[in-house]
Structure formats: C-alpha cells, structure tokens
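Results of the structural survey
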Amino acid sequence: MKIRNRFTLISSFTFSIVFIIASIITYLSFYSYSEKIMYNELQKTCLLTGIFYLEKDELPENQHLIIGQQFKENSLEIVTRVYNKQNEIVYGEKEHDKNITIQRLDYIRKNRKLSFKSNHHFYFGSYYRDNQGDFVVFVKKNDIEFKTITNRLLIIMVLVLLIGLILIYMVSRKLSNLAYSPIKNIVDQVNEIEASSLDRHIISPNTKDEIQELIETYNNLFKRLSDTFVIQKNFINYVSHEFKTPLTAISGNLEVFAQKERTSAEYKEMSEKVLENVYQIEDTLNTLMMLSGLRDNTELNEVFRVDELVWDINDQLPDVHKLKDSQIQIALEVTNDKLLSIKGNSNEIKIALYNIIENAVKYSNGNPIKISLLQQDNQLKIVIKDHGTGISENDLKFIKQTFYRGKNVDDIKGSGVGLSLANIIFKQNNIHFAITSKKDEGTTVTLLFPPL
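Residues numbered from 1 in each chain as written. Predicted model: local features only at pLDDT ≥ 70, side-chain atom pairs only at ≥ 80, totals over all residues. Heavy atoms only, no water.

**Some thoughts on the pattern of salt bridges**
The full count for this structure, using the stated rule, is ten salt bridges. When the shortest N-O distance is used, the salt bridge between Lys 140 and Asp 97 registers 3.0 Å. Highlighted residues: Lys 140 in strand S5 (residues 133-142) and Asp 97 in the loop between strand S2 (89-92) and helix H3 (102-111), separated in sequence by 43 residues. Judged by its relative accessible area of 14%, Lys 140 falls in the buried class. With a relative accessible area of 5%, Asp 97 lands in the buried category. A salt bridge links Arg 305 to Asp 307, with the shortest nitrogen-to-oxygen separation between them at 2.9 Å. (Salt bridge = Lys/Arg side-chain N within 4 Å of Asp/Glu carboxyl O. Helix = DSSP H or I, 4+ residues; strand = E, 2+ residues; numbered from the N terminus. Buried < 20%, exposed > 50% of the residue type's maximum accessible area, 1.4 Å probe, protein only.)

Below, the structure written as structure tokens:
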C-alpha cells in the first residue's frame, strides 16, 4: 500500500473514531439533559397538583383560581393521581395504573420522591403532607414528544456523521497528497538519475524537516558513490595509460636486444633498464591502487603533528632530487603549538604533502621553495610557494584532474596523478586545498587544516 493511501486511511479512521465518539457523547448528553428537564417539569406539575387538590380549603378563592389556571396549563397531556394512606386514589385519574405499585408508594413515603420511566411514559411521584393527612401525588406524561425530539436529533447527527466522514476522507486525501508531494518529487528526480549521472543532486524543497534531512543524506551518499564509481570505472584506463610507456620501453628494448648475441655488460645494462621500467610500473600500480581504494579508508582517528611530516619530507627530498643546501626554506610562525596537532591519516597526508612539495621542487627551476606554517583564525595554515615554471590560466582549471599535465612541463618526469591523489586525500581529511599560479612566475599552494 502506498504511503499516501496509508496516511489517508489512518487519518480518516482516526478522525472518524474521534468524530463518532464526540457524536455519541453529544447525543447521550442531550438525551440525559432532556430527561432531566422532563422530570423537572413533572416535579413542578406534581407540586402544583398537590396544591390544587389539597390546599383548596386553605387558600383564598381568587388565589386558588390562579393556581387552577396554572394547573390546567401545565397538566395538558399529563395524567395526575393523588393517593391517601390507604393507597386509594382520592383525586385525579381514577383508573388504576399498574406501574404505580404499593411498593413504590411506600418508597415515596419513605424517601419523599421517585422518578422512573416505563411503558413509554415518564413518572414522577412526591410525598405531600397536608392538614387533611399525608398523601402521595403521582404524575405521568407520554414520551412521544421526547422521542420525537431525540429521534430527530439522532437522524440529524447520523446525517452529519455520514457527511462528516465523507468530508474527513476527502480532506485526508487532500492532506496526504500535499504531504506526499515532496516525496513524489524526490521519487521522480531519482527515477531520472542514471549510472552516468550519479553526481546529480536532488533539488531540495527546503521543507526543514525529515524529508530535507533525507535529501541531504541522499545527496551526500550519491556524491561519495559517484566519486568511487568514477574512480573504479576509469581504473583500467588509468592502468593502460600509465603502463603503456614502460611496457613499450621494455618490449622495444627486448626486441632490439634479441636480434643478436650480447656481451655480459650489455646484459647487465639491459637488465637495469628493464628493472627501472618494472619499478616504475610497480610504483604506478601502488599509486593507482591507493587512488581507487582511498574512499574506503576510515582510519581517521590518529592524532599527529603536521610539522614533523614536513621535516621528514624535507629530509627525504634532497636524497631523491639532489637539492642544493637551503633550497627548501621552512618558516614556523605558529605561536599555539596545539594547532600543529591534527586528527587524520598521517600516512595519506604525508603522501599528499610529499607530492605537493615534490612538485614545487621539480618545477622550481632550481629556485628556492618556501614552506610557511602559519596561524589563521585558530587554524593551522601551510603555504608552499615556488618561483619556477608556474601554470597557465587554462591549465590551472584542470590541474587537479587525474593524468592531466600542463603544456609547459617539457621533459620533467611525472604521471599527472600526484595532484589528483593529493586532492582526494585532502578532501578525505577535511583539509582545504587551493592552488594559485602564474606562468613563468611560480605557484602557491595553500592548505588550511581543521582544528583538533
């Protein structure tokens, strides 16, 4: 069953139950109140009957006439009887009423009054003490008028109830459609998303409720899926792209080498060339495996000092690139040592920092590189600046894409993976990464680390 249909049925059922209970309570309250009014009128008539029949000898004639007039007006459609001590009818209707029993007469003499309903009539009896003796006055009235009123109310309430139930269903249906419309909008948008458009976001209706939270969670989930899907989808292309050059070199060298007999020195030289290409393939494979599986890394709870990573990299690079003394200048300008400690994956962040600093070294044209550790808004900021080749404005837009290399790199070795890998690592560890550059003037990389 669809949510909106379930919502319609539940809301209709709930409101219907409430409406029915309210109607029943209203009807029973009216019925009880009407009975009370009926007995109050009979009580007044009962008292008037006693005065009219038993006080005639004590009241002035004109006053008795007035009471007699009131008695006639109030006793229309009402049967009156006055009983003496011997339970004999002395005034009023002489015909015996089987509902007025000796037990009930005795009850009234003891408890002063009695009211009940029987045989479609309302009865009220009261004890009346007079100078002529003690009497019991009984009056009764047909319940036709009472039933007419209550039955009419019942019919009206049933009609109102039926119309109300229909209206409740229609309103519930309308409300369910309104409540379901954001969900329907989401379903329509999701149905339009295909494998090639996983990065497409669902447009949020800004409802500021659970639906809004669902949409944001969905968008975040599919952004991660999209990134992972793109990386995995292109992994074979990455491998073929990076393996093509070293494999071609290996096959070409072996083909040339196999054309004639070689000396041991030539064998040694060929082995070194082949091993160099094999190592290059191994290094590229390790990098690509890390690039494709990086999104699954969840070890982000390690606390370490960033400045120690920078000094380690500074110690490694001279051995790799044969740098001059003082070509890398490190300036530590952080007054709060706590900012140097961050939470994340130290191995990944070291790889990313190494790639960034190594790029600065490779494209610096031998000029000094300055690495500044700064303090900004209670956050650690690292600025890596070189004065080398630089990046053109057109290339700068694509520099973070995998395998992309600027047009002015000349013969400098590189795979185009380093910046892409660093960008993913920095995102994974919530580190802001920005590059600014001008061709032939140099490049500046800015990293802003989250506080611990």
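**Structural notes on the packing of aromatic side chains**
The tally for this structure, following the rule as stated, stands at eleven aromatic pairs. Seen from their ring centres, Tyr 27 and Tyr 31 are 6.2 Å apart, and the 40 degrees between their planes marks the pair as tilted. With Tyr 27 and Tyr 31 both in helix H1 (residues 3-54), this residue pair falls four residues apart, about one helical turn. Tyr 31 sits in the partly exposed class, given a relative accessible area of 24%. Between the aromatic rings of Tyr 53 and Tyr 91, the centroid separation amounts to 5.1 Å while the plane-to-plane angle is 20 degrees, which identifies the pairing as stacked. With Tyr 53 in helix H1 and Tyr 91 in strand S2, this residue pair connects regions lying 38 residues apart in the sequence. In textbook terms, an aromatic cluster arises when at least three aromatic residues are bridged by ring pairs, as seen for Tyr 27, Tyr 31, Tyr 39, Phe 122 and Phe 146. The ring of Phe 116 carries the charged tip of Arg 104 above its face, separated from the ring centre by 3.8 Å. (Phe/Tyr/Trp six-rings, centres within 6.5 Å; stacked < 30°, edge-to-face > 60°. Lys NZ or Arg CZ within 6 Å of the ring centre and 35° of its normal.)

**A few points about helix H2 (residues 61-74)**
Over its 14 residues, H2 runs 20 Å from end to end, which matches the ideal 20 Å to within 8%, given 1.5 Å per residue. All buried positions along H2 are accounted for by His 64, Ile 67, Gly 68 and Phe 71. Down the axis of H2, the buried side of the element spans an arc of 110 degrees, and every buried residue falls inside it. Of the exposed residues in H2, the ones pointing more than 90 degrees away from its buried face are Asn 62, Leu 65, Ile 66 and Glu 73. (Expected span 1.5 Å × (residues − 1). Arc of directions from axis to C-beta.)

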